[in-house]
Amino acid sequence: MLVMTFFMFFHLIHSMKLPIYIFIAALACGVMSCGGSADDAAPATDSVTQVEQVADASNSAADSVVHRLPTYIVPRPLRTIFCDVNDLHLAAAEAGGIEPIASLRDAYMLRVPIQRIESCDAYILDNLSHSLPFLVPRAASLLNDIGRRFADTIRARGGHEYRIKVTSVLRTDRSVAKLRRRNLNASEASAHSYATTFDISYSKFIALEPDFVVDQGDLKNILAEILYDEREKGRCYVKFEVKQGCFHITAR
């Protein structure tokens, strides 16, 4: 077909006695319009493939099998195992924490050092709407150890990459007041005010590989095992918060 087109163009140009360069230009334009470039079409094909791959990944995650992992927590309701009362948390917080502050600006005047925490290999910080990401070093170290032990235990028992979610950290006087307006059951005297206390969700965990889903109850019980061990070591007090869906933890 291309050869026939070549001779038709040549015959037309020759009969009209036009210069040979016009023939060459016309032929080049005809080839480009008919054949095109393979490289020009590639990006469109690749973009469609990428969209399909994303869609397939989301569908496979939704249809994933839920995997069970072995757990070794004491066979009792968690609220009866982790029932350290607020007075214990407050006493430990007052003994080893900062003076409560009205706002973040006051943190620069503190005598006791605090350190900023952020999402890392050990844990993921939630959107902290009523607290600030600061803890005293001892509490930050405890949180890091809990997160790393959790991730290591999940992997060792056949799971994939999971992380705990931290939902509350340091609360200022203003954030406590704001929280009390939303939740009348929130205590005015909060251990969170001393930068010794943090909350870890037991209803939400972060799956870094969404295609491999672990049973929610198993994740909660494995976290409970680790917290039980840390409490037995004397490193913390723990309260199982039923309504808030979290473990309330104060470093000792």
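Residues numbered from 1 in each chain as written. Predicted model: local features only at pLDDT ≥ 70, side-chain atom pairs only at ≥ 80, totals over all residues. Heavy atoms only, no water.

Participant: I would appreciate a short explanation of the side chain of T250 in the present structure.
Facilitator: Tracing the backbone through its elements, the reader meets T250 in strand β10 (residues 246–251). Classification of T250 by relative accessible area gives buried; the value is 0%. For T250, the side chain forms a polar contact with the side chain of H89, separated by 2.7 Å. Ignoring any residue separated from it by four or fewer positions in sequence, one finds T250 in contact with H89, A92, A93, A191, T196, T197, R235, C236 and Y237. (Helix = DSSP H or I, 4+ residues; strand = E, 2+ residues; numbered from the N terminus. Buried < 20%, exposed > 50% of the residue type's maximum accessible area, 1.4 Å probe, protein only. Polar contact = N/O pair within 3.5 Å; in protein donor to acceptor, adjacent residues only side chain to side chain. Contact = heavy atoms within 4.5 Å.)

Participant: Explanation requested: the pattern of salt bridges in the structure shown.
Facilitator: Close approach of charged atoms lets side chains of opposite charge pair. Summed over all chains, the structure comprises 14 salt bridges. For E230, the salt bridge identified is with R235, shortest N-O distance 3.0 Å. Overall, R235 belongs to the partly exposed group, its relative accessible area being 26%. Each of D145, R149, D229, E230, K233 and R235 takes part in one network of salt bridges that share partners. (Salt bridge = Lys/Arg side-chain N within 4 Å of Asp/Glu carboxyl O.)

Participant: Help me understand the packing of aromatic side chains in this model?
Facilitator: The geometry of an aromatic ring pair is captured by the separation of the ring centres together with the interplanar angle, meaning the angle of the planes. All told, the structure shown has 5 aromatic pairs when counted by the stated rule. Summarising the aromatic geometry, the rings of F150 and F205 are spaced 5.4 Å apart at their centres and angled 15° between planes, so their arrangement reads as stacked. Note that F150 is positioned in helix α6 (residues 137–156) and F205 in the loop between β6 (197–201) and β7 (206–207), a separation of 55 residues in sequence. Looking at F150, the relative accessible area reads 0%, which means it is buried. When the centroid spacing of 5.6 Å and the interplanar angle of 70° are considered together, the rings of F240 and F247 count as edge-to-face. With respect to class, F240 is no different from F247; both count as buried. (Phe/Tyr/Trp six-rings, centres within 6.5 Å; stacked < 30°, edge-to-face > 60°.)

Participant: Hey, could you run me through the nonpolar core in this one?
Facilitator: A general trend in soluble globular proteins is that nonpolar side chains are found buried together. Counting 47 residues, the largest nonpolar core has F150, F198 and F247 as its most contacted members. It is α6 that contributes the most residues to this core, 7 residues altogether. (Core = buried A, V, L, I, M, F, W, Y, C linked by side-chain atoms within 4.5 Å.)

Participant: Explanation requested: α6 in the structure shown.
Facilitator: Since the α-helix turns once every 3.6 residues, residues separated by three or four places project in the same direction. In a regular helix each residue adds 1.5 Å, so 20 residues correspond to 28 Å; α6 covers 28 Å between its end C-alpha atoms and thus fits that length. Remark: G158 follows α6 within two positions and exhibits a positive phi of approximately 105°. (Expected span 1.5 Å × (residues − 1).)

Participant: I'm lost on helix α8 (residues 216–232) in this one. Help?
Facilitator: With 17 residues, α8 extends 24 Å from end C-alpha to end C-alpha; this agrees with the ideal 24 Å at 1.5 Å per step. Following α8 by one or two positions, G234 adopts a phi angle in the positive range, close to 85°.

Participant: Any chance you could explain the confidence of the model for the chain here in plain terms?
Facilitator: Parts of the prediction with low pLDDT should not have their coordinates interpreted in detail. Looking at the chain as a whole, the pLDDT averages 80, with 71% of positions reaching at least 70. Taken as a whole, residues 1–18 scores under 50 in pLDDT and shows 10 contacts with residues more than four places along the chain or in a different chain. Note on residues 20–61: pLDDT under 50 across the span, and 14 contacts to partners over four residues away in sequence or across chains. (pLDDT = per-residue confidence, 0-100.)

Participant: Help me understand unusual backbone geometry in this model?
Facilitator: For A195, which is not glycine, the phi dihedral falls at a positive 60°. On the secondary structure map, A195 appears in the loop between α7 (173–182) and β6. The exposure class of A195 is buried, given its relative accessible area of 0%.

Participant: Help me understand the packing of α6 against α8 in this model?
Facilitator: When two helices pack together, their arrangement is given by the angle between the helix axes and by the axis-to-axis distance. At their nearest, the axes of α6 and α8 sit 10 Å apart, and the two run at 135° to each other. Between α6 and α8, the interaxial angle falls into the category oblique. You can see that α6 and α8 cross each other, and the crossing is right-handed. Between α6 and α8, the contacting residues are L142, I146, R149, F150, T153 and I154 on the first element and L219, I222, L223, I226, L227, D229 and E230 on the second. (Axes fitted to C-alpha atoms, helices over the stretch in contact; angles between N-to-C directions. Parallel < 35°, antiparallel > 145°, perpendicular 65-115°, else oblique. Left-handed = near helix turned anticlockwise from the far one by under 90°.)

Participant: I would appreciate a short explanation of the pairing of strand β9 (residues 236–241) in the present structure.
Facilitator: Every regular strand shows the same layout, with side chains that alternate between the two sheet faces. Most of β9 is tucked away, with 5 of its 6 residues classed as buried. Once β9 ends, the chain turns through 4 residues before running back antiparallel as β10, passing G245 with a positive phi of about 65°. (Pairing = 2+ DSSP bridges.)

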